[in-house]
Amino acid sequence: MTRQAHAHAVPSMEDAGQLMPYSEGAETVNESLIKARPIPRISIQAFCEGNTTAEALQVAAEDRRLAKTHVSLHMGGAPAAVAHYQESPTPNLIVIESSLPRAQMLGELDKLAESCDSGTKVVIVGHVNDVILYRELLKRGVSEYLVAPVTPLQLMESISNLYNNPDSDPVGNVMAFVGAKGGVGSSTVCHNAAWTLSEVLKSNVVIADLDMAFGTTGLDFNQDPVQGIAEALGSPERLDEVLLDRLLTKCSNHLSIFAAPVVLDRDYDLSAEACTTVLDVVRQNVPFVAVDLPHTWTSWTKRILLSADEVVITAVPDLANLRNAKNIIDLLKQSRSNDGPPHLVLNMANMPKRPEISVKEFSQSLDLKPTAIIEFDVETFGQAANNGQMIEELNKKAKAVAAIHDLAMALAHRKEVRVEPKKSGMPNAFAPLLEKLKFKR
Ligand SMILES: Nc1ncnc2c1ncn2[C@@H]1O[C@H](COP(=O)(O)OP(=O)(O)OP(=O)(O)O)[C@@H](O)[C@H]1O
Ligand SMILES: [Mg+2]
C-alpha cells in the first residue's frame, strides 16, 4: 500500500466529525467527465459487497478510459480480499467495498497489509462518513476513501487521479473530426477549430492528419511539412518526445501539424494499436490533439472515434449525411455510455438552389443540437483554401468565424463571451435614449 493519500480525499468538514460524501458539492457530471482521464495499463482487482458497487465498477471497467486496464471483479468484500491475497500476488490497485464496523475493517486491512506488495494501491468504498476511520485508513496508506453509493464516473475519476498527476498539466484531449460523408468540410472544420483553439487559449495544439494519401493539412496552412505521421505510425514504439519534436511541423507559436505523406506509391494499412500508441505519445506532450480522420471506415478509424475525448461530426444537410451521422451517433452512444454526445457541425448550410433538410428537422431526427452551423460560403472558403489560410486570418468578419469559435470553445469546455453585433433593426439614434430609460428604471 502507498503512504501517499490523495489530496482529493482530504475532507473540508473534518471538524464537524463528518466526511462529505465524495459525490456531493457543486461538482457536475460534466466536470467528472473532464477529470476522469485515461488510465494506464494497470491491473485492478475489486472485492465488492453489494450489487450496486459491483455494477458501477463493471460499467467503469467497460469505459474507454479503462480500455488498457485489466479489471477483475469479486464479491465478498474485505475478508475475501484478505483470503485471496494469502495465495496470490497483489495487483496495481485493489478496490474494496466494506461496510464492516471501524475496528473490524481496520483489522481486515492490517491482515491485508501483510500480503500486500509495496507498489499496490488500495481504494476503499465505505458506507459511513467517519473521520476517525478515514484518518486510520490514511495512516495505513489507503489512497482513497469513497462513500457508497459510488457512480462509475466517480470511480474513474479517483482511479485516474491516482495514476495521473492532477497538479501537473492534464493529459491532452484527443478530439476526433469525422465527416458524415466525403468532402463535407470535415478537414476544414478540424483545421479552423484547432487553429482557433491555439490562438484563443494560447495552448499548444497538434493536428494529426490521418488522411495519409490525400490529407490537406500542409496545404491548408501553406506549409511544406515534414511528412512525419507515417514514420511515427511505422514504428510507434520508437516515438518519444524528441522524435515527436522532429516529426512535427510548427505553423505558429502554439500550433503544429503532424502531416500526412500524401504520396501514393505506398500502401497505408494502419493498425489500430499503432494509432493509439502514437496518439498517446502526442497527448502526453500537448494539451489538445485534433485528429483529422479520412472518410473511411476501418478498425483504426473506429478505434480512434470510440476512444477520443471529443468527437466532431461534420455533416451537410442532406439525406445521406443524416443517415450516416445517425449511424455514427448511435454507435458512439452505444459504446460510450459515460460520455456526452458528439458535437455536430452542420456545414455548407443554405447553399443556393440546393434542396436541404432544415436545421430543425436535421437536429430533431438526430436528437442532437448542432454545436455550430456554418453557411455555404464558397468565396471565403475557396479563397482561404487557395491561400493556405484559416477563415479568420482571411477575413475576421466572415460569418463562419463565430461558429468556429463556438465549436472551439465547446471542445475546450470553455465559455466565451461573444460581443453580439448590434441588432440591425434598431436605429442607432435611439440607442442612447433607450440606455437612459433603462437607467431610470
Ligand atoms: N462552408 C463551406 N462553404 C463552402 N465551401 C466549403 C465550406 N466548408 C468546406 N468547404 C470546401 O469544401 C471542400 C472540401 O473540404 P474538406 O477537404 O475540408 O472536406 P473533407 O470532409 O475533409 O473531405 P475528405 O472526405 O476528402 O476528407 C474544400 O474545398 C473546402 O474549402
Ligand atoms: Mg478530410
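Heads up: the structure comes first, above all this text.
Note that the structure is predicted; figures quoted are calculated from it, not measured.

For the protein, the count of helices and strands is 18 helices and 13 strands. The buried share among the 441 residues of the protein stands at 41%. Considering only contacts within the protein whose residues lie at least 6 apart along the sequence, 77% involve residues at least 24 apart.

Surrounding ligand 1, one finds 21 residues, the nearest of these being Gly182, Gly185, Ser187, Thr188 and Phe381. Counting residues per element, the ones that place at least two in the shell around ligand 1 are helix H7 (186-201), strand S12 (343-349) and helix H15 (378-387). The dominant element in the shell around ligand 1, judged by the number of residues it contributes, is H15, at 4 residues. Its residues assigned to classes, the shell around ligand 1 shows 8 nonpolar, 11 polar and 2 charged.

As a packed pair, helix H3 (residues 77-87) and helix H4 (residues 102-114) sit with axes 9 Å apart at the nearest point and diverge in direction by 15°. Between H3 and H4, the angle falls in the class roughly parallel. Once H3 is placed against H4, the crossing between them reads as left-handed. Here Ala78, Pro79, Ala81, Val82 and Tyr85 of H3 come into contact with H4, specifically with Met105, Glu108, Leu109, Lys111 and Leu112. Grouping the amino acids of the contact of H3 with H4 by side-chain chemistry returns 8 nonpolar, no polar and 2 charged.

Next up on the list: the sheet that holds strand S4 (residues 121-126). Read from one edge of the open sheet, 5 strands run S2-S1-S3-S4-S5, paired in parallel fashion. Every interior strand has two partners, whereas the edge strands, strand S2 (70-75) and strand S5 (144-147), have only one. Between one strand axis and the next, the sheet turns through 15° on average, direction left out of account. Taken together, the 6 bridges between strand S1 (residues 43-48) and S2 define a ladder with parallel strand orientation. Residue pairing across strands places Gln45 opposite Ser72, the latter belonging to S2.

The next point concerns the nonpolar core. Counting residues in each nonpolar core, the largest one holds 77 residues, and the members touching the most others are Met175, Ala176, Val289, Ala290 and Val291. The dominant element in this core, judged by the number of residues it contributes, is helix H17 (residues 399-411), at 7 residues. In contact with Met175, not counting residues within four places along its chain, are Phe288, Val289, Ala290, Val291, Ala308, Asp309, Glu310, Val312 and Leu411. Counting residues in each nonpolar core, the second largest holds 39 residues, with Ile39, Ala81, Val82 and Val123 among its members.

What counts, and at which threshold
Residues numbered from 1 in each chain as written. Chains lettered and ligands numbered in written order. Predicted model: local features only at pLDDT ≥ 70, side-chain atom pairs only at ≥ 80, totals over all residues. Helix = DSSP H or I, 4+ residues; strand = E, 2+ residues; numbered from the N terminus. Buried ≥ 20, exposed ≤ 12 C-beta atoms within 10 Å, placed from the backbone. Contact = placed C-beta atoms within 7 Å. Near = placed C-beta within 6 Å. Nonpolar A, V, L, I, M, F, W, Y, C, P; charged D, E, K, R; others polar. Axes fitted to C-alpha atoms, helices over the stretch in contact; angles between N-to-C directions. Parallel < 35°, antiparallel > 145°, perpendicular 65-115°, else oblique. Left-handed = near helix turned anticlockwise from the far one by under 90°. Pairing = 2+ DSSP bridges. Core = buried A, V, L, I, M, F, W, Y, C linked by C-beta atoms within 7 Å.

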